Amino acid sequence: MIKAGQIDKGMALLVKGQPFIVVDREFVNPGKGSAFVRVKMKSPTTGQVLRETIKTQESVEDIMVDDKDCQYLYNDGEMYHFMDTETFEQFEIPMKSFEDYQFLMKDGESYRVTMWESRPLNIVIPFKVVYEVAEAEDAVKGDTVNGASKIVVTETGLKVKVPIFIKQGEKILVNTETKEYLERVNN
Amino acid sequence: MLSTFRSGSIPAMDRELVRNRSLLNQGIRNHFITRDYLEVETPVLSPTLIPETSIENFETQFRSDFHPHRTCYLIPSPEIHMKQLIARGSGNIFQLARCFRNSEQIGPLHNPEFTMLEWYTMEADYIDSIAETEELFGSLAQPHTPEHMLPPFRRMSMAQAFWDGVGIDLEKVQSFSQIRTAAEKLGLTPTAMRTTWEDEFNRIFLTFIEPGLPQDHPLVLTDYPHQIRTLAKRKAGTPYRERWELYGGGVELANCYSEETDSTEVAAFFAQEYASLIEQRTASGGVIPDIDDSYHTIFDAAFPRCSGVALGVDRLFMAIHAIKTIQGVILFPFSDRILYRTERYES
(Lines give C-alpha, C1' and ligand atoms only; values in the text may rest on other atoms or scores of the structure.)
Protein backbone atom coordinates (compact mmCIF):
# COMPACT_ATOMS: atom_id res chain seq x y z
CA MET A 1 0.00 0.00 0.00
CA ILE A 2 1.15 3.52 -0.76
CA LYS A 3 -0.29 6.95 -0.11
CA ALA A 4 -2.21 8.38 -3.05
CA GLY A 5 0.16 11.37 -2.98
CA GLN A 6 2.94 9.00 -4.15
CA ILE A 7 1.09 7.79 -7.24
CA ASP A 8 3.19 8.36 -10.34
CA LYS A 9 2.80 7.93 -14.07
CA GLY A 10 3.48 4.39 -15.27
CA MET A 11 2.77 2.90 -11.84
CA ALA A 12 0.54 -0.17 -11.60
CA LEU A 13 -2.37 -0.12 -9.14
CA LEU A 14 -4.92 -2.71 -8.17
CA VAL A 15 -8.44 -1.24 -8.30
CA LYS A 16 -11.40 -3.46 -7.42
CA GLY A 17 -9.12 -6.44 -8.00
CA GLN A 18 -8.05 -5.39 -11.50
CA PRO A 19 -4.63 -4.05 -12.52
CA PHE A 20 -4.56 -0.54 -13.92
CA ILE A 21 -1.68 1.53 -15.25
CA VAL A 22 -1.53 5.17 -14.25
CA VAL A 23 -1.40 7.19 -17.47
CA ASP A 24 -1.84 10.58 -15.91
CA ARG A 25 -1.86 12.00 -12.44
CA GLU A 26 -2.34 15.55 -11.41
CA PHE A 27 -2.19 17.15 -8.01
CA VAL A 28 -5.27 19.27 -7.37
CA ASN A 29 -5.95 21.52 -4.45
CA PRO A 30 -9.42 22.88 -5.05
CA GLY A 31 -10.02 26.36 -3.66
CA LYS A 32 -10.47 25.89 0.10
CA GLY A 33 -10.41 22.11 -0.19
CA SER A 34 -7.99 19.42 0.88
CA ALA A 35 -5.32 18.02 -1.43
CA PHE A 36 -6.38 15.46 -4.00
CA VAL A 37 -4.71 13.51 -6.77
CA ARG A 38 -6.68 13.27 -9.99
CA VAL A 39 -5.71 9.98 -11.57
CA LYS A 40 -6.37 8.63 -15.03
CA MET A 41 -5.77 4.89 -15.26
CA LYS A 42 -6.03 2.43 -18.07
CA SER A 43 -6.67 -1.28 -17.98
CA PRO A 44 -3.91 -2.99 -19.98
CA THR A 45 -6.25 -5.84 -20.85
CA THR A 46 -9.44 -4.06 -21.89
CA GLY A 47 -8.23 -0.53 -22.57
CA GLN A 48 -10.93 0.71 -20.16
CA VAL A 49 -10.15 4.16 -18.82
CA LEU A 50 -10.82 4.81 -15.15
CA ARG A 51 -10.84 8.26 -13.59
CA GLU A 52 -10.63 8.70 -9.85
CA THR A 53 -9.91 11.60 -7.55
CA ILE A 54 -8.29 10.48 -4.34
CA LYS A 55 -7.27 12.39 -1.22
CA THR A 56 -3.47 12.43 -1.04
CA GLN A 57 -3.61 10.86 2.44
CA GLU A 58 -5.69 7.91 1.24
CA SER A 59 -3.96 4.53 0.82
CA VAL A 60 -4.02 2.77 -2.52
CA GLU A 61 -2.87 -0.70 -3.49
CA ASP A 62 0.18 -0.72 -5.70
CA ILE A 63 1.39 -3.96 -7.27
CA MET A 64 4.86 -5.36 -7.62
CA VAL A 65 5.92 -5.55 -11.22
CA ASP A 66 8.94 -6.68 -13.24
CA ASP A 67 10.45 -4.82 -16.13
CA LYS A 68 11.64 -6.94 -19.06
CA ASP A 69 13.40 -5.99 -22.25
CA CYS A 70 11.25 -7.10 -25.14
CA GLN A 71 11.55 -6.73 -28.87
CA TYR A 72 8.59 -5.17 -30.65
CA LEU A 73 7.99 -7.28 -33.74
CA TYR A 74 4.95 -5.80 -35.51
CA ASN A 75 1.25 -5.07 -35.10
CA ASP A 76 -1.56 -6.78 -36.93
CA GLY A 77 -4.10 -4.00 -36.47
CA GLU A 78 -5.43 -5.52 -33.24
CA MET A 79 -2.40 -6.70 -31.31
CA TYR A 80 1.16 -5.59 -30.74
CA HIS A 81 3.44 -8.62 -31.02
CA PHE A 82 6.46 -8.74 -28.71
CA MET A 83 9.26 -11.18 -27.97
CA ASP A 84 10.98 -11.52 -24.60
CA THR A 85 14.64 -11.11 -25.55
CA GLU A 86 15.79 -13.48 -22.76
CA THR A 87 13.41 -16.39 -23.22
CA PHE A 88 12.46 -15.69 -26.86
CA GLU A 89 8.86 -16.22 -25.79
CA GLN A 90 6.35 -14.27 -27.87
CA PHE A 91 3.30 -12.49 -26.50
CA GLU A 92 0.67 -9.98 -27.54
CA ILE A 93 -0.70 -6.75 -26.11
CA PRO A 94 -4.04 -5.39 -27.32
CA MET A 95 -3.50 -2.23 -29.39
CA LYS A 96 -6.53 -0.49 -27.93
CA SER A 97 -4.73 -0.34 -24.58
CA PHE A 98 -1.98 1.82 -26.06
CA GLU A 99 -3.48 3.15 -29.25
CA ASP A 100 -1.04 5.92 -30.08
CA TYR A 101 2.00 3.68 -29.46
CA GLN A 102 1.71 2.33 -33.00
CA PHE A 103 3.09 5.68 -34.13
CA LEU A 104 5.84 5.70 -31.50
CA MET A 105 7.31 2.17 -31.63
CA LYS A 106 9.70 1.01 -34.31
CA ASP A 107 9.53 -2.55 -35.64
CA GLY A 108 12.42 -4.62 -34.33
CA GLU A 109 13.30 -2.17 -31.55
CA SER A 110 13.54 -3.22 -27.90
CA TYR A 111 11.29 -1.68 -25.26
CA ARG A 112 10.86 -2.25 -21.57
CA VAL A 113 7.62 -4.05 -20.84
CA THR A 114 6.18 -4.04 -17.34
CA MET A 115 5.00 -7.51 -16.30
CA TRP A 116 2.75 -8.51 -13.42
CA GLU A 117 2.31 -12.22 -12.66
CA SER A 118 3.64 -12.86 -16.19
CA ARG A 119 0.96 -10.60 -17.71
CA PRO A 120 2.20 -7.60 -19.70
CA LEU A 121 0.84 -4.42 -18.13
CA ASN A 122 2.67 -1.54 -19.70
CA ILE A 123 5.06 -0.63 -22.49
CA VAL A 124 7.65 1.97 -21.58
CA ILE A 125 8.51 4.33 -24.43
CA PRO A 126 11.67 6.38 -23.87
CA PHE A 127 10.96 10.00 -23.06
CA LYS A 128 12.90 11.27 -26.09
CA VAL A 129 13.25 9.27 -29.30
CA VAL A 130 15.06 9.93 -32.59
CA TYR A 131 12.87 9.36 -35.65
CA GLU A 132 13.59 9.59 -39.34
CA VAL A 133 11.45 11.94 -41.38
CA ALA A 134 9.71 9.75 -43.96
CA GLU A 135 7.49 12.38 -45.53
CA ALA A 136 8.02 16.12 -45.64
CA GLU A 137 6.67 18.73 -47.96
CA ASP A 138 9.04 21.36 -49.23
CA ALA A 139 8.61 24.57 -47.33
CA VAL A 140 6.64 27.27 -49.09
CA LYS A 141 8.86 30.31 -49.40
CA GLY A 142 7.78 33.33 -47.44
CA ASP A 143 5.27 31.42 -45.36
CA THR A 144 6.33 32.58 -41.93
CA VAL A 145 2.86 33.45 -40.68
CA ASN A 146 2.43 30.36 -38.53
CA GLY A 147 5.79 30.57 -36.78
CA ALA A 148 7.41 28.97 -39.83
CA SER A 149 6.46 25.37 -39.10
CA LYS A 150 5.09 22.44 -41.04
CA ILE A 151 3.92 18.91 -40.40
CA VAL A 152 6.13 15.93 -41.24
CA VAL A 153 5.52 12.19 -40.88
CA THR A 154 8.10 9.89 -39.28
CA GLU A 155 8.96 6.34 -40.35
CA THR A 156 6.54 5.15 -37.64
CA GLY A 157 3.69 7.27 -39.03
CA LEU A 158 3.85 9.90 -36.29
CA LYS A 159 2.88 13.40 -37.38
CA VAL A 160 5.11 16.07 -35.89
CA LYS A 161 5.09 19.85 -36.19
CA VAL A 162 8.63 20.91 -37.09
CA PRO A 163 10.49 24.02 -38.26
CA ILE A 164 10.38 24.45 -42.05
CA PHE A 165 14.08 23.65 -42.55
CA ILE A 166 13.55 19.93 -41.72
CA LYS A 167 13.81 17.76 -44.84
CA GLN A 168 12.82 14.25 -45.77
CA GLY A 169 15.42 11.68 -44.67
CA GLU A 170 16.67 13.83 -41.79
CA LYS A 171 16.50 12.72 -38.17
CA ILE A 172 14.61 14.55 -35.46
CA LEU A 173 14.41 14.17 -31.68
CA VAL A 174 10.81 14.00 -30.42
CA ASN A 175 9.30 14.20 -26.95
CA THR A 176 7.13 11.08 -26.90
CA GLU A 177 4.82 12.37 -24.19
CA THR A 178 3.80 15.58 -25.90
CA LYS A 179 4.69 14.39 -29.44
CA GLU A 180 6.58 17.64 -29.83
CA TYR A 181 9.68 18.24 -31.93
CA LEU A 182 12.76 18.93 -29.79
CA GLU A 183 15.69 19.26 -32.20
CA ARG A 184 17.30 18.11 -35.42
CA VAL A 185 19.77 15.27 -35.00
CA ASN A 186 22.87 15.29 -37.17
CA ASN A 187 24.12 11.97 -38.48
CA MET B 1 21.52 5.30 -21.59
CA LEU B 2 20.38 6.69 -18.29
CA SER B 3 20.89 10.38 -17.98
CA THR B 4 19.63 13.09 -15.70
CA PHE B 5 18.25 16.47 -16.45
CA ARG B 6 16.47 19.18 -14.55
CA SER B 7 12.85 19.49 -15.39
CA GLY B 8 11.29 22.88 -15.94
CA SER B 9 14.51 24.81 -15.61
CA ILE B 10 14.80 28.24 -17.19
CA PRO B 11 17.84 30.34 -17.91
CA ALA B 12 19.04 32.17 -14.79
CA MET B 13 18.09 35.53 -16.27
CA ASP B 14 15.48 35.82 -18.94
CA ARG B 15 15.26 39.48 -19.92
CA GLU B 16 11.88 39.13 -21.57
CA LEU B 17 10.47 37.47 -18.48
CA VAL B 18 11.80 40.13 -16.12
CA ARG B 19 10.45 42.89 -18.33
CA ASN B 20 7.01 41.37 -18.82
CA ARG B 21 6.65 40.67 -15.13
CA SER B 22 7.49 44.27 -14.33
CA LEU B 23 4.95 45.48 -16.89
CA LEU B 24 2.29 43.21 -15.41
CA ASN B 25 2.86 44.57 -11.92
CA GLN B 26 2.70 48.12 -13.26
CA GLY B 27 -0.50 47.31 -15.13
CA ILE B 28 -2.11 45.92 -11.99
CA ARG B 29 -1.10 48.97 -9.95
CA ASN B 30 -2.33 51.37 -12.61
CA HIS B 31 -5.67 49.60 -12.80
CA PHE B 32 -6.36 49.94 -9.08
CA ILE B 33 -4.75 53.30 -8.44
CA THR B 34 -6.79 54.97 -11.19
CA ARG B 35 -9.90 53.54 -9.50
CA ASP B 36 -8.98 55.11 -6.17
CA TYR B 37 -7.85 51.97 -4.40
CA LEU B 38 -4.98 52.38 -1.93
CA GLU B 39 -2.04 50.05 -2.26
CA VAL B 40 -1.17 48.59 1.12
CA GLU B 41 1.64 46.46 2.52
CA THR B 42 0.89 44.12 5.39
CA PRO B 43 3.14 41.65 7.25
CA VAL B 44 4.38 38.44 5.71
CA LEU B 45 5.50 37.24 9.15
CA SER B 46 2.57 36.86 11.51
CA PRO B 47 2.18 35.49 15.07
CA THR B 48 -1.37 34.30 14.27
CA LEU B 49 -3.23 33.07 11.21
CA ILE B 50 -6.82 32.54 10.14
CA PRO B 51 -7.46 28.80 10.61
CA GLU B 52 -7.75 27.00 7.26
CA THR B 53 -7.60 23.22 7.28
CA SER B 54 -6.83 23.04 3.58
CA ILE B 55 -3.65 25.12 3.76
CA GLU B 56 -0.50 23.86 5.48
CA ASN B 57 1.69 26.56 6.94
CA PHE B 58 5.34 27.49 7.23
CA GLU B 59 6.45 28.06 10.81
CA THR B 60 9.47 30.00 12.05
CA GLN B 61 10.84 31.54 15.26
CA PHE B 62 11.39 35.09 16.40
CA ARG B 63 14.46 34.90 18.66
CA SER B 64 15.99 37.76 20.57
CA ASP B 65 17.87 38.27 23.83
CA PHE B 66 15.63 41.21 24.61
CA HIS B 67 12.20 39.64 24.18
CA PRO B 68 10.45 36.38 24.75
CA HIS B 69 10.82 34.00 21.81
CA ARG B 70 7.79 33.78 19.63
CA THR B 71 6.63 31.30 17.01
CA CYS B 72 5.52 33.04 13.82
CA TYR B 73 4.08 31.91 10.52
CA LEU B 74 4.52 32.97 6.93
CA ILE B 75 1.14 34.17 5.71
CA PRO B 76 -0.79 31.96 3.24
CA SER B 77 -2.79 35.07 2.24
CA PRO B 78 -2.82 38.72 3.38
CA GLU B 79 -6.51 38.53 4.33
CA ILE B 80 -5.95 38.59 8.11
CA HIS B 81 -4.29 42.00 8.06
CA MET B 82 -6.18 43.56 5.16
CA LYS B 83 -9.47 43.05 6.98
CA GLN B 84 -7.99 44.82 10.02
CA LEU B 85 -7.26 47.80 7.79
CA ILE B 86 -10.83 47.75 6.49
CA ALA B 87 -12.06 47.71 10.08
CA ARG B 88 -10.02 50.86 10.66
CA GLY B 89 -11.71 52.60 7.75
CA SER B 90 -9.18 52.13 4.94
CA GLY B 91 -11.80 52.04 2.19
CA ASN B 92 -10.92 50.22 -1.06
CA ILE B 93 -7.48 48.57 -0.84
CA PHE B 94 -5.28 46.25 -2.87
CA GLN B 95 -1.99 44.47 -2.35
CA LEU B 96 0.52 42.43 -4.31
CA ALA B 97 1.43 40.06 -1.49
CA ARG B 98 3.99 37.31 -1.22
CA CYS B 99 2.23 34.22 0.15
CA PHE B 100 3.43 30.83 1.35
CA ARG B 101 1.76 27.46 1.33
CA ASN B 102 3.44 24.35 2.59
CA SER B 103 3.08 20.68 1.60
CA GLU B 104 1.67 21.24 -1.87
CA GLN B 105 3.20 19.17 -4.61
CA ILE B 106 5.56 21.26 -6.67
CA GLY B 107 4.17 21.11 -10.17
CA PRO B 108 3.28 23.19 -13.20
CA LEU B 109 0.79 25.21 -11.12
CA HIS B 110 2.35 25.24 -7.66
CA ASN B 111 5.34 26.93 -6.07
CA PRO B 112 5.39 27.10 -2.25
CA GLU B 113 6.04 30.85 -2.43
CA PHE B 114 3.89 32.86 -4.81
CA THR B 115 2.40 36.28 -5.41
CA MET B 116 -1.21 37.02 -4.69
CA LEU B 117 -3.12 40.07 -5.79
CA GLU B 118 -5.78 40.67 -3.17
CA TRP B 119 -8.25 43.49 -3.30
CA TYR B 120 -11.30 44.56 -1.30
CA THR B 121 -14.11 46.73 -2.59
CA MET B 122 -16.35 48.52 -0.09
CA GLU B 123 -20.14 48.50 -0.38
CA ALA B 124 -19.86 45.78 -3.02
CA ASP B 125 -20.72 42.10 -3.27
CA TYR B 126 -19.29 39.13 -5.18
CA ILE B 127 -21.33 39.92 -8.29
CA ASP B 128 -19.93 43.47 -8.43
CA SER B 129 -16.43 41.99 -8.28
CA ILE B 130 -17.00 40.02 -11.50
CA ALA B 131 -17.24 43.24 -13.53
CA GLU B 132 -14.19 44.68 -11.75
CA THR B 133 -12.17 41.54 -12.55
CA GLU B 134 -13.32 41.60 -16.17
CA GLU B 135 -12.07 45.17 -16.49
CA LEU B 136 -8.75 44.18 -14.92
CA PHE B 137 -8.33 41.35 -17.43
CA GLY B 138 -9.22 43.69 -20.27
CA SER B 139 -6.59 46.19 -19.22
CA LEU B 140 -3.84 43.58 -18.69
CA ALA B 141 -4.36 41.70 -21.95
CA GLN B 142 -1.48 41.69 -24.44
CA PRO B 143 -1.71 41.35 -28.24
CA HIS B 144 -0.70 37.68 -27.95
CA THR B 145 -2.98 36.85 -25.01
CA PRO B 146 -5.08 33.80 -25.89
CA GLU B 147 -8.83 34.23 -26.45
CA HIS B 148 -9.64 32.13 -23.39
CA MET B 149 -8.15 34.83 -21.17
CA LEU B 150 -10.10 37.72 -22.65
CA PRO B 151 -13.39 39.24 -21.41
CA PRO B 152 -16.32 38.79 -21.50
CA PHE B 153 -16.31 36.18 -18.74
CA ARG B 154 -18.71 33.28 -18.89
CA ARG B 155 -20.78 32.85 -15.76
CA MET B 156 -22.13 29.56 -14.47
CA SER B 157 -23.48 28.52 -11.10
CA MET B 158 -22.07 25.45 -9.39
CA ALA B 159 -25.56 23.94 -9.42
CA GLN B 160 -25.69 24.38 -13.21
CA ALA B 161 -22.21 22.85 -13.62
CA PHE B 162 -23.31 19.80 -11.61
CA TRP B 163 -26.48 19.45 -13.60
CA ASP B 164 -24.71 19.79 -16.95
CA GLY B 165 -21.75 17.64 -15.94
CA VAL B 166 -23.30 14.67 -14.15
CA GLY B 167 -27.07 15.29 -14.10
CA ILE B 168 -27.16 15.73 -10.34
CA ASP B 169 -29.41 18.29 -8.67
CA LEU B 170 -27.13 19.69 -5.95
CA GLU B 171 -30.10 20.61 -3.80
CA LYS B 172 -31.09 16.94 -3.64
CA VAL B 173 -27.72 15.75 -2.32
CA GLN B 174 -27.46 18.01 0.69
CA SER B 175 -26.83 15.23 3.22
CA PHE B 176 -23.61 13.25 3.48
CA SER B 177 -25.26 9.91 2.71
CA GLN B 178 -26.96 11.38 -0.39
CA ILE B 179 -23.77 12.78 -1.87
CA ARG B 180 -21.79 9.68 -0.99
CA THR B 181 -24.34 7.49 -2.75
CA ALA B 182 -24.20 9.83 -5.76
CA ALA B 183 -20.41 9.51 -5.88
CA GLU B 184 -20.60 5.72 -5.81
CA LYS B 185 -23.26 5.67 -8.53
CA LEU B 186 -20.91 7.69 -10.72
CA GLY B 187 -18.33 4.91 -10.34
CA LEU B 188 -16.00 6.43 -7.77
CA THR B 189 -14.43 3.80 -5.54
CA PRO B 190 -15.62 4.09 -1.95
CA THR B 191 -12.70 5.14 0.23
CA ALA B 192 -11.47 3.54 3.41
CA MET B 193 -10.80 6.92 4.98
CA ARG B 194 -13.52 8.84 6.73
CA THR B 195 -14.74 11.53 4.36
CA THR B 196 -16.89 14.60 4.68
CA TRP B 197 -19.65 16.05 2.51
CA GLU B 198 -17.05 18.42 1.12
CA ASP B 199 -14.68 15.55 0.23
CA GLU B 200 -17.38 13.68 -1.69
CA PHE B 201 -18.43 16.90 -3.41
CA ASN B 202 -14.84 17.57 -4.42
CA ARG B 203 -14.30 14.03 -5.71
CA ILE B 204 -17.31 14.37 -8.02
CA PHE B 205 -16.42 17.92 -9.03
CA LEU B 206 -12.74 17.20 -9.71
CA THR B 207 -13.29 13.91 -11.52
CA PHE B 208 -16.27 14.65 -13.72
CA ILE B 209 -17.04 18.35 -13.76
CA GLU B 210 -13.98 20.54 -13.57
CA PRO B 211 -12.17 18.91 -16.54
CA GLY B 212 -15.21 19.54 -18.76
CA LEU B 213 -15.92 23.16 -17.84
CA PRO B 214 -16.08 25.49 -20.86
CA GLN B 215 -12.70 27.01 -21.58
CA ASP B 216 -13.34 29.35 -24.51
CA HIS B 217 -13.42 32.39 -22.21
CA PRO B 218 -12.60 32.93 -18.54
CA LEU B 219 -15.26 31.15 -16.50
CA VAL B 220 -16.73 32.46 -13.26
CA LEU B 221 -18.16 29.56 -11.28
CA THR B 222 -20.55 31.02 -8.71
CA ASP B 223 -22.46 30.01 -5.59
CA TYR B 224 -20.45 27.31 -3.83
CA PRO B 225 -22.20 24.93 -1.42
CA HIS B 226 -22.47 26.25 2.14
CA GLN B 227 -20.99 22.96 3.40
CA ILE B 228 -17.61 24.20 2.17
CA ARG B 229 -16.79 26.31 5.18
CA THR B 230 -15.31 29.67 4.23
CA LEU B 231 -15.57 33.30 5.31
CA ALA B 232 -17.99 33.91 2.42
CA LYS B 233 -21.49 35.09 3.31
CA ARG B 234 -24.45 32.72 3.01
CA LYS B 235 -26.64 33.47 0.01
CA ALA B 236 -30.01 34.18 1.63
CA GLY B 237 -32.62 31.45 1.25
CA THR B 238 -30.28 29.02 -0.55
CA PRO B 239 -27.83 26.26 0.40
CA TYR B 240 -25.01 28.29 -1.17
CA ARG B 241 -22.46 30.92 -0.28
CA GLU B 242 -21.75 34.16 -2.13
CA ARG B 243 -18.47 32.96 -3.57
CA TRP B 244 -16.98 32.46 -7.00
CA GLU B 245 -13.85 30.94 -8.46
CA LEU B 246 -12.43 32.15 -11.73
CA TYR B 247 -11.01 29.67 -14.23
CA GLY B 248 -8.85 30.67 -17.18
CA GLY B 249 -8.01 27.90 -19.64
CA GLY B 250 -9.17 25.36 -17.06
CA VAL B 251 -6.84 26.69 -14.36
CA GLU B 252 -8.06 28.22 -11.09
CA LEU B 253 -6.95 31.83 -11.07
CA ALA B 254 -8.98 33.68 -8.47
CA ASN B 255 -11.40 33.31 -5.61
CA CYS B 256 -13.98 35.87 -4.46
CA TYR B 257 -16.34 36.24 -1.50
CA SER B 258 -18.99 38.60 -0.39
CA GLU B 259 -17.11 38.84 2.88
CA GLU B 260 -18.72 37.58 6.06
CA THR B 261 -19.02 40.66 8.29
CA ASP B 262 -21.16 39.21 11.08
CA SER B 263 -18.87 38.77 14.09
CA THR B 264 -20.91 35.83 15.44
CA GLU B 265 -20.50 33.97 12.13
CA VAL B 266 -16.77 34.75 12.02
CA ALA B 267 -16.35 33.53 15.61
CA ALA B 268 -18.21 30.31 14.74
CA PHE B 269 -16.04 29.80 11.66
CA PHE B 270 -12.87 30.24 13.71
CA ALA B 271 -14.05 27.79 16.37
CA GLN B 272 -15.18 25.06 13.95
CA GLU B 273 -12.33 25.41 11.50
CA TYR B 274 -9.69 25.51 14.22
CA ALA B 275 -11.15 22.40 15.87
CA SER B 276 -10.94 20.49 12.54
CA LEU B 277 -7.46 21.87 11.89
CA ILE B 278 -6.18 20.69 15.29
CA GLU B 279 -7.72 17.26 14.81
CA GLN B 280 -6.24 16.83 11.31
CA ARG B 281 -2.78 18.17 12.06
CA THR B 282 -2.47 16.32 15.34
CA ALA B 283 -2.94 13.17 13.27
CA SER B 284 -0.67 14.24 10.40
CA GLY B 285 2.01 16.02 12.44
CA GLY B 286 1.45 19.26 10.53
CA VAL B 287 1.96 22.79 11.86
CA ILE B 288 -0.85 24.01 14.12
CA PRO B 289 -0.72 27.81 13.95
CA ASP B 290 -1.85 30.06 16.78
CA ILE B 291 -5.02 31.97 16.15
CA ASP B 292 -6.32 35.23 17.57
CA ASP B 293 -9.46 34.43 19.54
CA SER B 294 -10.58 38.04 19.48
CA TYR B 295 -10.25 38.46 15.70
CA HIS B 296 -14.03 38.38 15.23
CA THR B 297 -14.39 41.58 17.27
CA ILE B 298 -13.10 43.68 14.33
CA PHE B 299 -16.40 42.90 12.60
CA ASP B 300 -18.45 45.42 14.53
CA ALA B 301 -21.39 47.46 13.32
CA ALA B 302 -19.07 49.91 11.55
CA PHE B 303 -17.38 47.21 9.44
CA PRO B 304 -18.51 47.90 5.87
CA ARG B 305 -20.19 45.45 3.54
CA CYS B 306 -17.42 44.42 1.14
CA SER B 307 -16.24 41.96 -1.48
CA GLY B 308 -12.73 40.50 -1.62
CA VAL B 309 -10.88 38.87 -4.50
CA ALA B 310 -7.63 36.89 -4.29
CA LEU B 311 -5.91 36.29 -7.61
CA GLY B 312 -2.77 34.23 -8.25
CA VAL B 313 -0.48 36.61 -10.13
CA ASP B 314 1.99 33.94 -11.29
CA ARG B 315 -0.83 31.93 -12.85
CA LEU B 316 -2.30 35.09 -14.34
CA PHE B 317 1.08 35.88 -15.88
CA MET B 318 1.33 32.33 -17.28
CA ALA B 319 -2.11 32.59 -18.84
CA ILE B 320 -1.65 36.06 -20.33
CA HIS B 321 1.61 35.05 -21.98
CA ALA B 322 0.58 31.46 -22.76
CA ILE B 323 3.42 29.97 -20.66
CA LYS B 324 2.78 26.41 -19.54
CA THR B 325 4.45 26.14 -16.15
CA ILE B 326 4.73 28.31 -13.09
CA GLN B 327 8.46 27.54 -13.09
CA GLY B 328 8.56 29.36 -16.41
CA VAL B 329 7.34 32.64 -14.87
CA ILE B 330 9.22 32.67 -11.57
CA LEU B 331 12.82 33.85 -11.73
CA PHE B 332 14.07 31.47 -9.07
CA PRO B 333 11.63 28.58 -8.96
CA PHE B 334 11.79 26.58 -5.75
CA SER B 335 12.09 23.27 -7.61
CA ASP B 336 15.31 24.30 -9.35
CA ARG B 337 17.05 25.24 -6.17
CA ILE B 338 15.84 22.66 -3.70
CA LEU B 339 14.38 19.58 -5.23
CA TYR B 340 15.81 16.35 -6.48
CA ARG B 341 16.74 15.88 -10.10
CA THR B 342 14.34 13.88 -12.20
CA GLU B 343 15.70 10.69 -13.65
CA ARG B 344 14.48 9.45 -16.96
CA TYR B 345 15.55 7.10 -19.67
CA GLU B 346 16.80 8.64 -22.84
CA SER B 347 17.28 6.94 -26.14
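Residues numbered from 1 in each chain as written. Chains lettered and ligands numbered in written order. Predicted model: local features only at pLDDT ≥ 70, side-chain atom pairs only at ≥ 80, totals over all residues. Heavy atoms only, no water.

1. Some details on the packing of helix 5 (residues 176–185) of chain B against helix 6 (residues 197–209) of chain B
Residue and element names in this part refer to chain B.
- Contact geometry of helix 5 with helix 6 gives a least axis separation of 9 Å together with a crossing angle of 25 degrees. The angle between the axes of helix 5 and helix 6 places the two elements in the roughly parallel class. In the crossing of helix 5 with helix 6, the sense of the turn from one axis to the other is left-handed. From helix 5, Phe 176, Ile 179, Arg 180, Ala 182 and Ala 183 reach across to helix 6, where they touch Trp 197, Glu 200, Phe 201 and Ile 204. (Axes fitted to C-alpha atoms, helices over the stretch in contact; angles between N-to-C directions. Helix = DSSP H or I, 4+ residues; strand = E, 2+ residues; numbered from the N terminus. Parallel < 35°, antiparallel > 145°, perpendicular 65-115°, else oblique. Left-handed = near helix turned anticlockwise from the far one by under 90°. Contact = heavy atoms within 4.5 Å.)

2. Description of the domain arrangement of chain A
Residues and elements named next belong to chain A.
- Per the domain assignment, the segments of chain A are domain 1 (2–60), domain 2 (66–124) and domain 3 (128–185).
- Summarising the inter-unit geometry, the C-alpha centres of domain 2 and domain 3 are found 26 Å apart.
- If you look at the interface, domain 2 gives 6 residues, while domain 3 gives 10 residues.
- Here domain 2 packs against domain 3, burying approximately 590 Å² in sum over the two surfaces, 56% of which is carbon and sulfur.
- Considering only the side of domain 2, the residues that lose the most area to domain 3 are Phe 103, Leu 104 and Lys 106, jointly responsible for 84% of the buried surface there.
- Inspection of the region where domain 2 meets domain 3 yields 2 salt bridges.
- Between Lys 179 and Asp 100 there is a salt bridge, with the nearest N and O atoms lying 3.0 Å from each other.
- For the pair domain 2 and domain 3, the interface holds 4 residue pairs in polar contact (both at pLDDT 80 or more).
- Grouping the amino acids of the side of domain 2 that touches domain 3 by side-chain chemistry returns 3 nonpolar, 1 polar and 2 charged. (Domains from an automatic or database assignment. Buried area = accessible area lost by both parts, 1.4 Å probe. Salt bridge = Lys/Arg side-chain N within 4 Å of Asp/Glu carboxyl O. Polar contact = N/O pair within 3.5 Å; in protein donor to acceptor, adjacent residues only side chain to side chain. Nonpolar A, V, L, I, M, F, W, Y, C, P; charged D, E, K, R; others polar.)

3. Digging into helix 4 (residues 158–166) of chain B
Residue and element names in this part refer to chain B.
- Among all positions of helix 4, only Met 158, Ala 161, Phe 162 and Val 166 are buried. Buried residues in helix 4, looked at end-on, bunch into an arc of 100 degrees, giving them a common side. Those residues of helix 4 that are exposed and aimed more than 90 degrees away from the buried face are Trp 163 and Asp 164.
- Immediately downstream of helix 4, the backbone of Gly 167 shows phi near 65 degrees, a positive value. (Buried < 20%, exposed > 50% of the residue type's maximum accessible area, 1.4 Å probe, protein only. Arc of directions from axis to C-beta.)

4. Details of the packing of aromatic side chains
Residues and elements named next belong to chain B.
- For the structure shown, the criterion picks out 16 aromatic pairs over all chains.
- Where Phe 32 meets Tyr 37, the ring centres are 5.0 Å apart and the plane angle is 80 degrees; that geometry is what we call edge-to-face.
- Three or more aromatic residues link up through ring pairs in this structure, and these residues are Phe 269, Phe 270, Tyr 295, Phe 299 and Phe 303.
- Over the aromatic face of Phe 317 sits the side chain of Arg 21, whose NZ or CZ is 5.5 Å from the ring centroid.
- Between the NZ or CZ atom of Arg 243 and the centre of the ring of Tyr 224, over which it lies, the distance is 4.1 Å. (Phe/Tyr/Trp six-rings, centres within 6.5 Å; stacked < 30°, edge-to-face > 60°. Lys NZ or Arg CZ within 6 Å of the ring centre and 35° of its normal.)

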